[in-house]
Amino acid sequence: MTSRARLFPSLRVLCAALALLFAAALVGTFPGRAEAQDISGALGQFTSNKYDDTEAALGALALSGSPAAAGIVSALADGRLVFGGLPPRVFIEGEGGALLDPLTMQPVADAPPVKPVRVNNRVRRAIEAANGALSLVSPDAGKRREAALAVGRSRDEAALPALDAALAKESDPQVKSAMNLARASILIGKEGISPAERIAAVELVGAEGNQDALAILRGVPDSAAPEVKQAAAQAIEGIERNLAMWGMAQNVWYGLSLGSVLLLAAIGLAITFGVMGVINMAHGEMVMLGAYTTFVVQEVIRTSYPGLFDASLLIAIPLAFLFTGLIGVIIERTVIRFLYGRALETLLATWGISLILQQAIRTIFGPTNREVGAPSWMSGSFEIGHLSITSGRLWIIVFALLVFFALLATLRLTRIGLEMRAVTQNRRMAASMGIRTNWVDAMTFGLGSGIAGMAGVALSQIDNVSPNLGQSYIIDSFLVVVFGGVGNLWGTLVGAMTLGVANKLLEPYAGAVLGKIALLVIVILFIQKRPRGLFALKGRSIEA
Amino acid sequence: MSITRQPALLGTSGIIFLAVLFAASVLVPVLNLAVAPDSAVHVPTYVVSLLGKYLTYALLALSVDLIWGYVGILSLGQGAFFALGGYAMGMYLMRQIGTRGVYGDPVLPDFMVFLNWKELPWFWYGFDWFPFAALMVLLAPGILALVFGWFAFRSRVTGVYLSIITQAMTFALLLAFFRNDMGFGGNNGLTDFKDILGFNIQADGTRLTLFVLSALALGLGYVLCRFLVRSHFGKVLVAIRDAETRVRFTGYRAENYKLVAFVVSAMLAGIAGALYVPQVGIINPSEFSPANSIEIIVWVAVGGRGTLVGAALGAVLVNYAKTYFTSGMLAPYWLFMLGGLFVAVTLFLPKGIVGTYYDWREKRRRHDDIPAAPLAAPGPAE
Amino acid sequence: MLNMFTHARRMAGRALVGAAALALAGGGVAGAQETIKVGVLHSLSGTMAISETTLKDTVLFMVQEQNAAGGVLGKKLEAVVVDPASNWPLFAEKARELIEKEKVAVVFGCWTSVSRKSVLPVFKELNSILFYPVQYEGEESERNVFYTGAAPNQQAIPAVDYLMENEDVERWVLAGTDYVYPRTTNKILEAYLKSKGVKEEDIMINYTPFGHSDWQTIVADIKKFGSAGKKTAVVSTINGDANVPFYKELGNQGIKATDIPVVAFSVGEEELAGIDTKPLLGHLAAWNYFQSVDVPENAAFIKKWQAYTKNDKRVTNDPMEATVIGFNMWVKAVEKAGTTDADAVIDALIGVTVPNLSGGFSAMMPNHHITKPVLIGEIKEDGQFDIVEQTPGLIVAEEWSPYLEGSKDLIADWRKPLNCGNFNVKTGKCGGAGQ
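Before going into details, it helps to say that this report is about the structure given with it. Keep in mind the model is a prediction, meaning the values are calculated, not measured.

Broken down by element type, chain A carries 21 helices and 6 strands. Taking all 544 residues of chain A together, 54% fall into the buried category. Considering only contacts within chain A whose residues lie at least 6 apart along the sequence, 69% involve residues at least 24 apart. A total accessible area of about 23100 Å² is found for chain A, and carbon and sulfur atoms account for 62% of it.

Set out below in structure tokens:
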């Protein structure tokens, strides 16, 4: 066993299984039922409930060739493998908690009280390995490919014969290339192969061009021929250059993702502050209320309609909009409307409101974080080239842009949007044209608050749902709106994205904290250059 | 604020204010030291420190009122100047610990020892010498205000834009001071002080002296602000507040006026910070937090913007409310009350407590006397 | 101004009435009012409320339990709750208020190190007692403070040992929030790992600000660092609020515990209650107590606690256990001393042994820290921990870490004749370097 295999003890299981498969492939048959009796010993090992024994039992199971093995391994993975009784025996927990005999899958008559067999990370890896070994000859091509990738990651020479045997039988081109790659990964570090063979392996791995390939190429032994080393060095250099470019693209993607979060956080403020001129310190709390709405929606769904969980966010979005919008209207009618024309005093009043809302949420829901789950369609990630994209972040970008354009359309194309613009531009003129300015004010503030609430639904996916949620966004939100130019929605969009990308491009060089500080200084200096932000409104309305 | 009459250096309320301050700085020490602890009028040391803290807050509020009430600069970063003054004082106090730190290192403060710093960073030099530290109390905030203001006012950054970038400034400083690598003790800040000018910082006498000094600083600060705002200089400031463009067209360099006021205000805040630190015993980056700076604005608004006395009163009242509400049965609800107070004041007392009182007095005087020239308080430029 | 002074005087007056009442009571007037006051100094608002509110409830719960059992020294206990609002200078002010005005016999409080540092001079000056229930960076031992949370060697080092032995980890990411606890812990761990032969290039250290919420870049860096062909683990000293987005990002980028396990020192049941734990399956935490400890004492405690809070889902966690231990130790010491007088209780506390909730006993050592077992748990799907390892014996706290340059020669022993928190064994003097 190479030193690398020692690093992954669970891979011993994999290797053992692969060696056996190889033997089986040579003979042309799979292990028959004759060996299946060994499994009872393995089952006995599970009952000690020690991780070492569980791992050993898994190894034995993988080697046993027993048809029951796969079922037992998957039961262990799901926590359905239980043990109990005197002397202790192992059972599989079936539907409705019935105990089944692991060999026959028949219900047991005298079921004793049982405990599940415990699993830790090491055992979990052993389970994966056992599954991998069992699936290198699986009828499912996808599983065979996974297994090949696992073998490639292990880079274990002992697996080579089994891999060769599997390769000989493989017909699926995708699986075949994965197996070839795995083979090359092993060959690179293997002693005593010809330089030509090794160079071929280096080229094959080098063509992958990713982080894993880099790690494999660095494993070329010192004893290798100079031309091999040169080829490896060249391949490494090429990959590094390539990855550096992809890294830049990745950072831009991170930046856009951060920018979309900033956009979401700021866009409601662009209405209440940007359009209406209310220095709305309670804006962050509207975002928080939106996040709590999501929590409540999910709670109801969890207890009453579990099947709807994946739709929970879609349900929460309109509810959050309506709820926070309503709160916004109430705040406008009871407080803000007395303060028009006294912008700085709105700062004080809304600051007071934000304290009240925070404490109210703390009183109702407690001070601790609340759990908001991610629906399945927002989990996971995929790759485009060497760009890793997480679905959750992608949806947030999409959502932010949707909200932005919907808002833009509302302001530009609808009657209420027209009235809102009219009232904010010239209140008295608008009033004399028969616009009910009071109603429009309430609607505008409600709209801004409602949008903040929708943002809260999205932010609940990536941040704490706690009473302090809003506080962490309020400064950035104001910065975005001011940087983009007060009163200009496009400015908010461009401002958010610029700040997001700039932050993420600075971060690798300066670190998270210094990057942020540098960005703040840049914004301060930028405002000196353009005292009214990126997209300054022209005219007299803002000179007041 | 009347433009029609030349007000006296100290109006009635100013005289009352200074008299109360004077009375406090005489009475509190007497009641603390000379009166037996079981007497009903004894002032415990705990209250002395508390009052001292309020007075430094009052000075801080005064510094805000000078620029907000009279120049129309709404600084959401005033806490930064306060904290810088506090850090300058804190660094002096740290150096005074000497070998009495837990590691007994004669030069390095404890937090540097356990993070394996080998020598004192250059910016700590000189802080073991009080006059230098005292100078830095003025210069650190002063220079920051000078540089920041010079850029901002020359570029004519005004209104909310100015407010937001002052907020960005204090936020950037907050992040910077949180970093342990900066050499200011990171999140723990500076604490566990022992001596100030050779006096034990925990002794009752030292506390009383600091309290009296705070009262003195507040009194002098008030007189200085009054002097500034009623001078020709002050009239230009008010004019800038009300119509900056017109002032500029009249031939005044508005930015220079604003800059001077801004720097003076920052230095006042720095002094307040320097007096605050030895009384509360800790300075930490959270003083830079933007929420703190907003709170200062709230104090001024509660007391009455543009009245100076009101700013000081507001600071003391709000902080007393905070002390009172955060103990006992009311503790879980104090944020409701504080929040409610801010809303109520903006809705019902838009000019703050003192401003409303002035209005009422004015109305009564007009009612009693012949009608005076209308004194409509000009709507402050935003 | 005038208004305020009358209030101040009234305040002083009230304190006086309280003191007089106590004096009378001491004089032998038996009655229901005869109480011993216990101060509770935990933030109920602001950023730290998220963690500290539970500890306030814990003290109130313990006070009620103790009163039901007859109180202490024949008197009822009375909890005095204040809210320092996550504001560090306010901590000092409130501590002074509790001791000077309310005349409490003992204070249970603080969470962050800065809050402890802020109140420290107050407790020293007024000679009172503080029980501090949170794991912290060590490097401190004060006469007036009793530390019932873990020192780094009672949490961090056993966790790293576990990963080295059981997961064969060879490459380490030390990720933390930028404040003293992570800084010190990581300094200690770095020295420890190097002493175990880990090379410089196999250690990556990263600090982020409080409340850091955008982890994309850092998690990607960790992934990159972990793909060098050696088994990699993350040791996380990331504080409170930043954990949720951190774990969410780990889940999103598909880092599973079987690939790169994360062991955390600040993530317990309370924190997990706010996270969807399914993607976190198998990530680890090291504490001295888990709610899932399977012993009758713990089961009984959880039952009573949930009955008290009227919430059968309310979790327990390590700082709660530390509070409970501290409270019981104080009660025992007061009964041993026969008085609540601070000096007597401080002396009586050393050597006091009380049952902990993991089935053993914890003792207060002369360095004012307690002995603890160390438990390693893997996160389960239900937000609880599966305890995968427990140290066989109790571990004594190393308040001064032998892995740090400045403190390796220091010890603390508050018994006579040494009576010193920073005794230098090299120079034989009290007071650090002893110069």
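Each side of the interface is counted separately: chain C has 55 residues, and chain B has 61 residues. Summing both sides of the interface, chain C and chain B together bury roughly 4900 Å²; the carbon and sulfur share of this comes to 61%. Between the two partners, chain C and chain B, sit 4 salt bridges. Residue Asp192 of chain B pairs with Lys124 of chain C through a salt bridge whose shortest N-O separation is 3.7 Å. Across the contact surface, chain C and chain B share 16 residue pairs in polar contact (both at pLDDT 80 or more). Of all elements in the fold, only α1 (2-26), β2 (76-82), α3 (88-101), α4 (113-126) and α6 (180-195) of chain C reach the threshold of two or more residues within the side of chain C that touches chain B. Grouping the amino acids of the side of chain C that touches chain B by side-chain chemistry returns 24 nonpolar, 13 polar and 18 charged.

Quick look at the packing of aromatic side chains now. Residue and element names in this part refer to chain B. Inspection of the entire model under this criterion finds 52 aromatic pairs over all chains. For the pair Tyr92 and Phe130, a centre-to-centre distance of 5.0 Å together with 75 degrees between the ring planes defines the contact as edge-to-face. Of this pair, Tyr92 sits in helix α3 (residues 78-97) while Phe130 sits in helix α5 (residues 130-154), and the two are 38 residues apart along the sequence. Taking the relative accessible area as the measure of exposure, Phe130 reaches 24% and is therefore partly exposed. Taken together, the ring pairs in this structure connect Tyr87, Trp122, Phe123, Phe177, Phe184 and Phe288 into an aromatic cluster.

Turning our eyes to something else, we now look at the state of the cysteines. All names here are of chain C. In this structure the tally under the stated criterion is 1 disulfide over all chains. Note that Cys420 is cross-linked by a disulfide to Cys430, the S-S spacing being 2.0 Å. Measuring handedness by torsion sign, the sulfur bridge of Cys420 and Cys430 sits at about 95 degrees and is right-handed. One end of the pair, Cys420, is in strand β16 (residues 420-424); the other, Cys430, is in strand β17 (residues 429-430), and 10 residues separate them in sequence. Given the relative accessible area of 1%, Cys420 is considered buried.

Moving on to the sheet that holds strand β15 (residues 410-413) of chain C. Residues and elements named next belong to chain C. One open sheet accounts for 3 strands, arranged β15-β16-β17; its pairing is antiparallel. In this open sheet, the two edge strands, each paired with only one partner strand, are β15 and β17. With 3 bridges connecting them, β15 and β16 associate as antiparallel partners. Considered in β16, the bridge of Ile411 is made with Phe423.

As a further point, take a nonpolar patch on the surface. Residue and element names in this part refer to chain A. Together, Val296, Val300, Tyr305, Leu308, Ile315 and Leu319 give the surface a local cluster of nonpolar side chains, amounting to about 480 Å² of exposed area. Here Leu308 lies in the loop between α13 (283-304) and α14 (312-334). When its relative accessible area of 40% is taken as the criterion, Leu308 is described as partly exposed.

Here we come to the interface of chain A and chain B. Across the boundary between the two partners, chain A contributes 43 residues, which contact 41 residues of chain B. Across the chain A/chain B interface, buried area totals approximately 3800 Å², and carbon plus sulfur atoms make up 79% of it. Together, Leu344, Leu348 and Gln528 of chain A form the three largest contributors to the area buried by chain A at its contact with chain B, with a combined 17%. Taken together, the connections running from chain A to chain B amount to 5 residue pairs in polar contact (both at pLDDT 80 or more).

Reading the values: rules and limits
- Residues numbered from 1 in each chain as written.
- Chains lettered and ligands numbered in written order.
- Predicted model: local features only at pLDDT ≥ 70, side-chain atom pairs only at ≥ 80, totals over all residues.
- Heavy atoms only, no water.
- Helix = DSSP H or I, 4+ residues; strand = E, 2+ residues; numbered from the N terminus.
- Buried < 20%, exposed > 50% of the residue type's maximum accessible area, 1.4 Å probe, protein only.
- Contact = heavy atoms within 4.5 Å.
- Areas by Shrake-Rupley, 256 points an atom, 1.4 Å probe, with all protein chains shown as cover.
- Buried area = accessible area lost by both parts, 1.4 Å probe.
- Salt bridge = Lys/Arg side-chain N within 4 Å of Asp/Glu carboxyl O.
- Polar contact = N/O pair within 3.5 Å; in protein donor to acceptor, adjacent residues only side chain to side chain.
- Nonpolar A, V, L, I, M, F, W, Y, C, P; charged D, E, K, R; others polar.
- Phe/Tyr/Trp six-rings, centres within 6.5 Å; stacked < 30°, edge-to-face > 60°.
- Disulfide = S-S within 2.5 Å.
- Pairing = 2+ DSSP bridges.
- Patch = residues over 30% accessible without salt bridge, like charges linked within 9 Å, V, L, I, M, F, W, Y side chains within 5 Å.

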